[in-house]
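Inside the fold
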4 protein chains.
Amino acid sequence: MAKPNVITKNDLLQSAKQCLVEGGIEKFTLRAVAEKSGVTQGTVYYHFRTKEQLILELVQEICEDSWNSLSQTDEGVLKEAIESAKSRCSYDSFYHKLFITLVSTGFTNEKIRHQLGEMIGRENDILTRQLEKLWSESPIKGVSVETWGIFFNALVDGIALQAILKKDFPIEKTYAELEHFVNGISSLQNKEESE
Amino acid sequence: MAKPNVITKNDLLQSAKQCLVEGGIEKFTLRAVAEKSGVTQGTVYYHFRTKEQLILELVQEICEDSWNSLSQTDEGVLKEAIESAKSRCSYDSFYHKLFITLVSTGFTNEKIRHQLGEMIGRENDILTRQLEKLWSESPIKGVSVETWGIFFNALVDGIALQAILKKDFPIEKTYAELEHFVNGISSLQNKEESE
Amino acid sequence: MAKPNVITKNDLLQSAKQCLVEGGIEKFTLRAVAEKSGVTQGTVYYHFRTKEQLILELVQEICEDSWNSLSQTDEGVLKEAIESAKSRCSYDSFYHKLFITLVSTGFTNEKIRHQLGEMIGRENDILTRQLEKLWSESPIKGVSVETWGIFFNALVDGIALQAILKKDFPIEKTYAELEHFVNGISSLQNKEESE
Amino acid sequence: MAKPNVITKNDLLQSAKQCLVEGGIEKFTLRAVAEKSGVTQGTVYYHFRTKEQLILELVQEICEDSWNSLSQTDEGVLKEAIESAKSRCSYDSFYHKLFITLVSTGFTNEKIRHQLGEMIGRENDILTRQLEKLWSESPIKGVSVETWGIFFNALVDGIALQAILKKDFPIEKTYAELEHFVNGISSLQNKEESE
DNA sequence: GATGAATGAGAATTCATTCAT
DNA sequence: AATGAATGAATTCTCATTCAT
């Protein structure tokens, strides 16, 4: 007994994510995490002193992931963001299931809720900044570019929610038209400008 | 004449909803439901044969509620729908917490997931039909009116999600600008028409 | 499953006492209590919601026992009290092991400590009242009858402590001489009176 | 020259004593001892091969302490012994808490029990020898000087027990009257002699 | 209809102990 | 001499569920 260093904290976190998505929080047990990682429960407890701590670190990782992927798209255009959103979105979407599961967990855990809120905020900000690069001013009067950031982020999450819930959700079509929507909105502004 | 202390199935469902929102599925136990209703666990079992059955009936009720409130707004314009969405949306929103909690529960329960999916579908349809009344054709080329229905529904849910997660989310402002957005989009169509 | 009424709370408490004495608090588990009573752990938890609660009720019972046995000895003389103390005192004394175990548990549990403190206080009082009946005044100047009560109670407990710790403790001899001590002290007073 | 951070066995024993008193045997874990000493569990295991071994050495230390303090008081009179007993006796008495905790642990560990029994025996003997010096014969017929040794030791422990359990125990008063008691008893003997 | 006692499986967590380094 | 990773068994406690009354 006591084989040192057979597993890293990160391995455990990855197993944990899978467990969360596969069974929801209801069935999310540290025993399941341990089994999926091939270690004993004790080992999981050695690395994360409580279940909550594990979930917290999991949330943190996701928030950092979101941050990294978004800030890399520095040069990126909205189109790319949409593409990425689409790729993460399907009836069996791992990412969004995880996200929604954590959101619902956050309702009864202020720390989680706060972190997810911050993450959403950062996402909104980045979208807004991208729109600012794209547009000289808001294409629709009364709607600030900041709010456009919120709108796009909300739209993407809302679509994902629908896609997870409906087996027959037209992902391709919806995302294709989302692009038309973005283009239409953007061109609208140019039109106004040229008027 | 009225028998006191008679607990109806509906009373239990209302308590159950509260329990779900207050503690999430994790802490959602039949004992908690029983206590909130002032009855014993046995009584809960008398009315719902299993825990799953209770949740299922709870989901059903919510779906029916959605249906009723939407079909009443038959005459209603989009504006009214937005107003109603806003009223259900805040950092402590009971309704959306319940919805998201059930969605995440649905990830591991196909019956729940299916029912919620159907509900979303009906909502999309109703929105689409309202937009059809409002618009002669889609205000943006390449975006079908059906997809507009999806977009609006997704937008409302996505905004709610953000509002629940962020204490400082600007609900008033966002909804006000959402109205400008709808108006802008609608007038856009008229403009195109007049061109 | 679910045979109603096969066991009473009191049965469980008796088993618990035995477990406590047999294994000390260290090995005092509710599983052991359940097994000794022939029920499942769940049953124990149904009757006492926590381990602490069980111990608390156990302490209470012991305190009540002490009260009952002492108040019955209404007419009783000191001699009787000594006899009873002796009978409870041996290398394997169930009673004193239990008592000392609970005392040490009380060091980290204020409720237990308080209850035991109250019990000791009542015992002291009763002893004092008995001595008052026996003596017109304290047989030794500077020692109040109240303090005599404390002394006798302390003596009995201290002797019990020694008897539990030493296999070869001379119980018979010590208690016989304790009686001589009491008589000697009492007669001392009469002597003084007659002087 | 002094090596910093070097933990000696004795340091660990002192931490262990504190842990025992602070949390009782229930919460007495090697991890707690390690943390209090600022080392890891492994280190504790390096010094004591098992938990039992640690406790055993702890008991031994206490017995040696008792021996040392008593044999120093070689010249000492009873008065001094009482003074020392009083100083170790209060509602938060470290010493007696530790002692009682170990006694109760001893109920399920013969080695501990034996050592404590031996310690008590030695204490009784020393007290008896002191009384022999003080008295030419027992002041009360039928009570041997040996038993007086037992009585005084029991009395001191019994009083300590009460003092630990009762927040409002009159320590000062009781010890003052204990001295009167000793003096009274001793003078009694002289009186008898002079008769 | 409703209750309360009981169950058993499984949850989180703790802990003495081991061992390679 | 000391550490830290790992273990596995045990512990407290919870919960859906059953069933006689």
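Residues numbered from 1 in each chain as written. Chains lettered and ligands numbered in written order. Predicted model: local features only at pLDDT ≥ 70, side-chain atom pairs only at ≥ 80, totals over all residues. Heavy atoms only, no water.

To continue, consider the overall build of chain A. Across its full length, chain A carries nine helices and zero strands. Starting at the N terminus and ending at the C terminus, chain A contains elements arranged as α-α-α-α-α-α-α-α-α. Of all intrachain contacts in chain A linking residues separated by at least 6 positions in sequence, the fraction that spans at least 24 positions is 69%. Put simply, chain A shows about 9,400 Å² of open surface, and 50% of that area lies on carbon and sulfur atoms. (Helix = DSSP H or I, 4+ residues; strand = E, 2+ residues; numbered from the N terminus. Contact = heavy atoms within 4.5 Å. Areas by Shrake-Rupley, 256 points an atom, 1.4 Å probe, with all protein chains shown as cover.)

Right, let's talk about the interface of chain A and chain B for a bit. Counting from both sides, the interface comprises 60 residues of chain A and, opposite them, 60 residues of chain B. Counting each side, the surface lost to burial between chain A and chain B is near 4,900 Å², with a carbon and sulfur contribution of 66%. Considering only the surface of chain A that becomes buried against chain B, F107(A), R113(A) and L165(A) emerge as the three largest contributors, covering 15% of it. Summed over the shared surface of chain A and chain B, the result is three salt bridges. (Buried area = accessible area lost by both parts, 1.4 Å probe. Salt bridge = Lys/Arg side-chain N within 4 Å of Asp/Glu carboxyl O.)

A few words now on the relation of the copies chain A and chain B. Superposition record for chain A on chain B: RMSD 0.1 Å, screw rotation 180°, translation along axis 0.0 Å. On this basis, the relationship between the two copies can be described by a two-fold rotation axis. The overlap is high: 98% of the interface residues of chain A also sit at the interface in chain B, so the same surface is used on both sides. (Least-squares fit on C-alpha atoms with pLDDT ≥ 70 in both.)

Moving on, we get to the side chain of E61(A). All names here are of chain A. Checked against the element boundaries, E61 lands in helix 4 (residues 51-72). Among the residues examined, E61 registers a relative accessible area of 15% and is labelled buried. If sequence neighbours within four positions are ignored, E61 has contacts with N10, L13, Q14 and K17. (Buried < 20%, exposed > 50% of the residue type's maximum accessible area, 1.4 Å probe, protein only.)

Another aspect to go through is the pattern of salt bridges. A side chain of one charge can pair with a side chain of the opposite charge when the charged atoms of the two come close. Scanning the model with the defined rule gives 30 salt bridges over all chains in all. In this structure, K86(B) engages E172(B) in a salt bridge whose closest nitrogen and oxygen atoms are separated by 3.0 Å. Here E172(B) lies in helix 9 (residues 171-194) and K86(B) lies in helix 5 (residues 78-87), a separation of 86 residues in the sequence. Exposure remark for K86(B): the relative accessible area of 22% places this residue in the partly exposed category. Given the relative accessible area of 55%, E172(B) is considered exposed. As a salt-bridge pair, E22(D) and K36(D) come within 3.0 Å of each other at their nearest N and O atoms.

Another aspect to go through is the packing of helix 7 (residues 110-134) of chain C against helix 8 (residues 145-165) of chain C. Residues and elements named next belong to chain C. Taken N-terminus to C-terminus, the directions of helix 7 and helix 8 make an angle of 120°; their axes are 8 Å apart at the nearest point. On the basis of their axis angle, the class for helix 7 and helix 8 is oblique. Judged by the twist between their axes, the crossing of helix 7 over helix 8 is right-handed. For the pair helix 7 and helix 8, contact is made by I120, E123, N124, L127, T128, L131 and E132 and by V145, E146, W148, G149, I150, F152, N153 and D157, respectively. Split by residue class, the contact of helix 7 with helix 8 holds seven nonpolar, four polar and four charged. (Axes fitted to C-alpha atoms, helices over the stretch in contact; angles between N-to-C directions. Parallel < 35°, antiparallel > 145°, perpendicular 65-115°, else oblique. Left-handed = near helix turned anticlockwise from the far one by under 90°. Nonpolar A, V, L, I, M, F, W, Y, C, P; charged D, E, K, R; others polar.)

What follows deals with helix 6 (residues 94-106) of chain B. Residues and elements named next belong to chain B. Compared with the 18 Å implied by 1.5 Å per residue over 13 residues, the 18 Å span of helix 6 between its first and last C-alpha is a close match. Where burial is concerned, most of helix 6 is hidden: 12 out of the 13 residues are buried. Those residues of helix 6 that sit buried are Y95, H96, K97, L98, F99, I100, T101, L102, V103, S104, T105 and G106. Measuring from the side-chain oxygen of the N-cap residue of helix 6 to the backbone nitrogen of H96 gives 2.9 Å; that N-cap residue is S93. (Expected span 1.5 Å × (residues − 1). Polar contact = N/O pair within 3.5 Å; in protein donor to acceptor, adjacent residues only side chain to side chain.)

Residue placement: N124(A) occurs in helix 7 (residues 110-134). A residue is classified by how much of its surface remains accessible, and N124(A), at 5% relative accessible area, is buried. Leaving out residues up to four positions away in the same chain, N124(A) has contacts with G149(A), I150(A), N153(A) and Q162(B).

Let us look at the packing of aromatic side chains. Aromatic rings considered in pairs are described by the distance between their centres and by the relative angle of their planes. Overall, the coordinates contain 29 aromatic pairs over all chains when judged by the stated rule. Ring centres 6.5 Å apart and planes at 5° place the aromatic pair Y95(A) and F99(A) in the stacked group. Residue Y95(A) and its partner F99(A) are both found in helix 6 (residues 94-106); the two are separated by four residues, about one turn of the helix. Ring plane angle 85° and centroid distance 5.5 Å describe the contact between F181(C) and W148(D), whose orientation is recorded as edge-to-face. Of the two residues, F181(C) sits in helix 9 (residues 171-194) while W148(D) sits in helix 8 (residues 145-165), which places them in two different chains. Just as F181(C) is buried, W148(D) falls in that class too. Taken together, the aromatic side chains of W135(A), W148(A), F151(A), F152(A), F181(A), W135(B), W148(B), F151(B), F152(B) and F181(B) make up a single cluster linked through ring pairs. (Phe/Tyr/Trp six-rings, centres within 6.5 Å; stacked < 30°, edge-to-face > 60°.)

Attention shifts here to the nonpolar core. Note on soluble globular proteins: their nonpolar side chains tend to be buried together. In terms of nonpolar packing, the biggest core is built from 69 residues, with F99(A), L116(A), F99(B) and L116(B) touching the most fellow members. Discounting residues that sit within four places of it in the chain, L116(A) has contacts with V59(A), C63(A), F99(A), L102(A), V103(A) and L165(B). Membership of the second largest hydrophobic core comes to 68 residues, among which are L12(D), V44(D), V59(D) and I112(D). (Core = buried A, V, L, I, M, F, W, Y, C linked by side-chain atoms within 4.5 Å.)

Glancing now at the environment of K51(B). With respect to the helices and strands, K51(B) occurs in helix 4 (residues 51-72). C-alpha separation for the pair K51(B) and L30(B), spaced 21 residues apart in sequence, amounts to 7.0 Å. Non-local contacts of K51(B), meaning those with residues more than four positions away in its chain, are made with E26(A), F28(B), L30(B) and Y45(B). Looking at K51(B), its side chain comes within polar contact range of the main-chain oxygen of F28(B), at 3.0 Å.

Residue and element names in this part refer to chain D. Following the sequence through the fold, L58 ends up in helix 4 (residues 51-72). As a C-alpha pair, L58 and L12 span 46 residues in sequence and 9.7 Å in three-dimensional space. Residue contacts for L58: discarding those within four places in its chain leaves L13, A16, K17, L20, L98 and L102.

It is at 7 Å that the axes of helix 8 (residues 145-165) of chain A and helix 8 (residues 145-165) of chain B come closest, and there the two elements cross at 105°. What the angle tells us is that helix 8 of chain A and helix 8 of chain B run roughly perpendicular. Residue-level inspection shows I150(A), F151(A), N153(A), A154(A), L155(A), D157(A), G158(A), I159(A), L161(A) and Q162(A) of helix 8 of chain A in contact with helix 8 of chain B, the latter providing I150(B), F151(B), N153(B), A154(B), L155(B), D157(B), G158(B), I159(B), L161(B) and Q162(B). Each residue belonging to the contact of helix 8 of chain A with helix 8 of chain B can be placed in one class, and the counts come to 12 nonpolar, six polar and two charged.

What follows is about helix 7 of chain C. In an α-helix, one turn spans 3.6 residues, which is why side chains three or four residues apart end up on the same side. End to end, helix 7 of chain C covers 36 Å across 25 residues, agreeing with the expected 36 Å (1.5 Å per residue, within 8%). Two or three places before K111(C), at the opening of helix 7 of chain C, N109(C) has a side-chain oxygen 3.0 Å from that residue's backbone nitrogen.

This is a description of form; function is not addressed.
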